[in-house]
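# Per-entry structural report
Here is what each chain is made of, one letter per residue.
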Amino acid sequence: MKTAARCHDSSRRRLRLLAFVLMATSLAAPAAAQLLPKPKIEEPQNIVLVADSVFITADKQLIARGNVEALGDDVRMLATEIIYDSDKDHVLVKGPIRIYQGEDVVILARDAELDKDLRNGLLRSARMVLSERTQLAATQINRVDDRYNVLTKTTVSSCRVCETGKPPLWQIRARRVVHDEEERQVYFDHASLRVRDVPVFYFPHLRMPDPTLDRARGFLIPTAHSTSLLGYGVKMPYFIPIGQSKDLTLTPYISSKSTTLEFRYRQAFKKGRISLKGAVSDDEVKPNATRSYLFAKGQFNLPKDYTLSFDLKATSDDSYLNDYDSSDDDRLNSNITVRRSKRDENTRFALLHFQSLRDGEDNQFLPTLVTVAETERRYFPTSIGGEFRTTAQFHGHFREAKTDVTGRDVLRANADMLWRRNWTLDNGLRTAVSGELAFDAFRTYNDSTHASYDYALTPTLAADFRYPMSKVGADGATYLLEPVAQIAWTGGDDLDVANDESTRTEFDEGNLLSLSRFSSYDRRERGFRTAVGLNWSRIAQEDWRANFTIGQIYRDTSDPDFTNTSGLSGSTSDFLLAGHFQNPTGLSVAGRTLLGTDGRLSKAAARLGWTNQRLWLDASFVWLDADAAENRSEVLSEWVLDSSYRLSRHWTGLLDWRFDAGAGRTAEAGVGLVYRNECLKLELSLSRKFSTSSTVQSDTKIGLSVALLGFSVNAQDKSYDRTCG
């Protein structure tokens, strides 16, 4: 058997070589016939034939029979017989025929007449397949100028067609279809869209991009919406490419209570990019007023490794973004930043602006404008060892109002030098010593309750201790147990400045051994303090893994600037409890809580995630105790759920829910159902937002979108494909 196989392979190799020589000889005369009359001059391509038998007849016909393959520069053709007539300079192909053009086009036909380069010709009873999805079946295909495929009496669909006699779910029938391979466009003449062979729409002329084109001018997927605020409406996005580096998408939104134009502009540059997104509306929610919003983002590379970025947000009124479901932000944060980040340096210059959309917050009394200039560098001195860091920052925040206290403006300058060195002792104990000297200077305007200028030098000394212990269990997992501790002292006195920036302090496993747990420089921890904790971890490559942290902090005196629910008030902090669990099935659970010595919770948060082939689930819970110092007069508690579940091959259910447990009511809820196969995606959704705000109204939304997959929308996930019984 092996000898026979070797002989057969050797015979095919000889026939392949013979076919190439015969084809080259027959194409050599006359020389003028080697080029086809085309608008553009092209070099003829060599065609290599592989077949079970190849011979030349007396009338100069080259005939290849049996398992025939014709290989050109970018064309591969399979057939049962190929006849090349040198006098007529054309190729007759008998099928079944399969032609591969590049990676995205496959043509099937019964028989064909082609030129000698396989670039032009006629194919009968043909079917073209684009990107393994979209099928174009025709009585014949004319191949023109090595660019156009002209199909006659054509049926187009990306749905799987089974041999049951039933029509596809959707199809487009046309008298003529032209596929432009260069522009990657498909043109239809006298086309009708049919659903289950029932005509739905008629188009005298229709143009669609073929599935290989990512950016093509034309309409995108339309969506239908029905909301209690805006009534019933339809969005029809239209995409306009502008060259290769920019594009514009215009989306008219016409409803019974609103006329809106949404837009998105994108442009790429040699060293950066920008994106503009916004909308302009005239509606019945706010009659006689033009409503709008604009979001602008961009990033550019500057000399000397600097990067310029901006993220600008603005809206005409507090409820516009919520009414049109454009964004969930209730505070708009804008910034223009120049930054350079290296291994041993981080430098930033930033201008920030804040706009609050919340009830009870007046922007003129908020520090809406903030300027920042800062740099941090690190060094590794060989003389004393360890790591040396320097930090300098200039900061200013300003309010629109200039009234006393409520119109306070602040300028500050801060600098510090930090040295830290680690040692690992022979018994495994890891120690570290830190020393810091900080300088803070504040200039306060429009506040008679604090000094207009104050400054201080603050020294800090600290020693850290860790004793990691590990072992490999009988199950092959690695277990790690690590007690940690810190002793720190900070000198100096508190400055006579307002607490504008350190109003929300979080105690977590990330700052258990920090020198200061305040979020900014207007407050610093002072005096003696000790932090102790315990870390436990289980690490496994193919099994569940988990970690857990417990910690607490002790002080010689309490710090009144820590709020009650920060977990850091008093001379003894709350217990910090935090953990994370993850297993190979896709389940992930994380949680953190602050538990007082009296057993009372001040804060708690948990998150559950679960991802597998059928389920995607993201659930979270947060609980915050009432705290007047954090502007929270009541307990804040909330459940959030976002999930999708693959009910079957083609059906997916969607669910999102947000429950205000403190108020005992649902804040937002939504359900959806998606049907998808290889050629169609249909999504129906229903959502409701419940609002108690005076500026944002409750709203119910119904959405419907239908996408024909295969043309403007790719459908590469084959798990949705139907099968024929």
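In this text the structure is predicted, and so the values were computed from the model without any measurement. (Residues numbered from 1 in each chain as written. Predicted model: local features only at pLDDT ≥ 70, side-chain atom pairs only at ≥ 80, totals over all residues. Heavy atoms only, no water.)

Turning our attention to the overall build of the protein. From N to C terminus, the protein includes 2 helices and 41 strands. Expected size for 725 residues packed as a compact globule is a radius of gyration near 27 Å; at 36 Å, the protein overshoots this value by more than 25%. Based on the C-alpha atoms only, the size of the protein along its principal axes is roughly 110 × 75 × 50 Å. Every one of the 725 residues in the protein was classed for burial, and the buried ones make up 40%. (Helix = DSSP H or I, 4+ residues; strand = E, 2+ residues; numbered from the N terminus. Rg over C-alpha atoms; globule rule 2.2 N^0.38 Å. Buried < 20%, exposed > 50% of the residue type's maximum accessible area, 1.4 Å probe, protein only.)

Another point: the nonpolar core. If you look at the biggest cluster of nonpolar residues, it comprises 46 residues, and the most contacted ones within it are Ile82, Val93, Leu123, Ile172 and Phe188. Those residues in contact with Ile172 that lie beyond four places of it in its chain are Thr154, Thr155, Val156, Phe188, Ala191, Ser192, Leu193, Leu206 and Met208. In terms of nonpolar packing, the next biggest core, distinct from the first, is built from 12 residues, Ala279, Tyr293, Tyr320 and Tyr324 among them. (Core = buried A, V, L, I, M, F, W, Y, C linked by side-chain atoms within 4.5 Å. Contact = heavy atoms within 4.5 Å.)

Okay, the pairing of strand S41 (residues 699-708) next. Only one face of S41 is covered, namely the face carrying Asp699, Lys701, Gly703, Ser705 and Ala707; the face carrying Thr700, Ile702, Leu704, Val706 and Leu708 is uncovered. Direction of pairing for strand S40 (residues 680-689) relative to S41: antiparallel, over a ladder of 10 bridges. Directly across from Leu684, in S41, lies its bridge partner Leu704. (Pairing = 2+ DSSP bridges.)

Evaluation of the coordinates by the stated rule reveals 16 aromatic pairs. On the numbers, 6.3 Å between centres and 40° between planes, the contact of Phe201 with Phe203 is tilted. Judged by relative accessible area, Phe201 falls into the partly exposed class, the value being 48%. Phe203 gets classed as partly exposed once you look at its relative accessible area, which sits at 29%. Arranged with centres 4.8 Å apart and planes meeting at 75°, the rings of Phe219 and Tyr238 form a pair that is edge-to-face. Taken together, the positions of Phe219 in strand S13 (residues 218-219) and Tyr238 in strand S16 (residues 238-242) put the pair 19 residues apart, joining distant regions of the chain. Tyr238 gets classed as partly exposed once you look at its relative accessible area, which sits at 23%. What links up through ring pairs into an aromatic cluster is the set Tyr253, Tyr293, Phe295, Tyr320 and Tyr324. (Phe/Tyr/Trp six-rings, centres within 6.5 Å; stacked < 30°, edge-to-face > 60°.)

A few words now on the state of the cysteines. Under the criterion given, the structure shown has 1 disulfide. Between Cys159 and Cys679 runs a disulfide, and the two sulfur atoms are separated by 2.0 Å. One disulfide, between Cys159 and Cys679, carries an S-S torsion of 85° and so falls in the right-handed class. Pair noted here: Cys159 is in the loop between strand S9 (148-157) and strand S10 (170-180) and Cys679 is in the loop between strand S39 (665-676) and S40, with a separation of 520 residues, a long-range link. (Disulfide = S-S within 2.5 Å.)

Mapping Ser158 onto the fold places it in the loop between S9 and S10. Only 2.4 Å separates the side chain of Ser158 from the backbone oxygen of Leu709, close enough to count as a polar contact. (Polar contact = N/O pair within 3.5 Å; in protein donor to acceptor, adjacent residues only side chain to side chain.)

A few words now on the pattern of salt bridges. Per the stated rule, a full pass over the model turns up 55 salt bridges. Between Arg173 and Asp197 there is a salt bridge, with the nearest N and O atoms lying 3.1 Å from each other. A residue pair is termed long-range when its members are at least 10 positions apart, and Arg173 in strand S10 and Asp197 in the loop between strand S11 (185-195) and strand S12 (198-209) qualify at 24 residues. Looking at Asp197, the relative accessible area reads 32%, which means it is partly exposed. Between Asp475 and Arg538 there is a salt bridge; the shortest N-O distance is 2.6 Å. Of the two residues, Asp475 sits in the loop between strand S29 (469-472) and strand S30 (478-490) while Arg538 sits in strand S31 (residues 527-539), which places them 63 residues apart along the sequence. Classification of Arg538 as buried rests on a relative accessible area of 2%. The network of salt bridges with shared partners includes Asp344, Glu376, Arg378, Glu387 and Arg389. (Salt bridge = Lys/Arg side-chain N within 4 Å of Asp/Glu carboxyl O.)

Here we come to unusual backbone geometry. In the segment running from Gly95 into Pro96, the intervening peptide bond is cis, with an omega of 15°. Turning to its location among the elements, Pro96 is positioned in strand S5 (residues 90-101). The backbone phi angle of Asp197 is positive, close to 70°, even though this residue is not glycine.

Position of Arg529 relative to the elements: it lies in strand S31. Arg529 gets classed as buried once you look at its relative accessible area, which sits at 4%. Taking the C-alpha atoms as reference, Arg529 lies 26 Å from Ala392; in sequence the two are 137 residues apart. Each residue touching Arg529, except ones within four places of it in the same chain, is listed here: Thr460, Gln486, Ile487, Ala488, Trp489, Thr490, Leu515, Arg517, Tyr554 and Arg555. Within polar-contact distance, the side chain of Arg529 engages the side chain of Thr490 at 2.8 Å. A distance of 2.6 Å separates a polar atom in the side chain of Arg529 from the backbone oxygen of Leu515.

On to the side chain of Gln355, then. Note that Gln355 resides in strand S23 (residues 345-356). Other than its neighbours up to four places away in sequence, Gln355 contacts Lys313, Ala314, Thr315, Asp330, Arg331, Leu332 and Asn363.

Averaged over the protein, the pLDDT score is 88; the fraction of residues at 70 or greater is 92%. No element of the protein has a lower mean pLDDT than helix H1 (residues 2-27), which averages 39, and none a higher one than strand S24 (residues 369-379), which averages 98. (pLDDT = per-residue confidence, 0-100.)

Residue position: Leu71 is located in strand S3 (residues 61-71). The sequence separation of Leu71 and Ser685 amounts to 614 residues, and the corresponding C-alpha distance is 51 Å.

So, on to a nonpolar patch on the surface. The grouping of Trp639, Leu655, Trp657, Val671, Leu682, Leu684, Leu686, Ile702, Leu704 and Val706 at the surface amounts to a nonpolar patch, some 820 Å² of accessible area in total. Those elements that place two or more of their residues in the nonpolar patch are strand S38 (651-660), S40 and S41. Take Leu655: it is sitting in strand S38. Given a relative accessible area of 36%, Leu655 falls into the partly exposed group. (Patch = residues over 30% accessible without salt bridge, like charges linked within 9 Å, V, L, I, M, F, W, Y side chains within 5 Å. Areas by Shrake-Rupley, 256 points an atom, 1.4 Å probe, with all protein chains shown as cover.)

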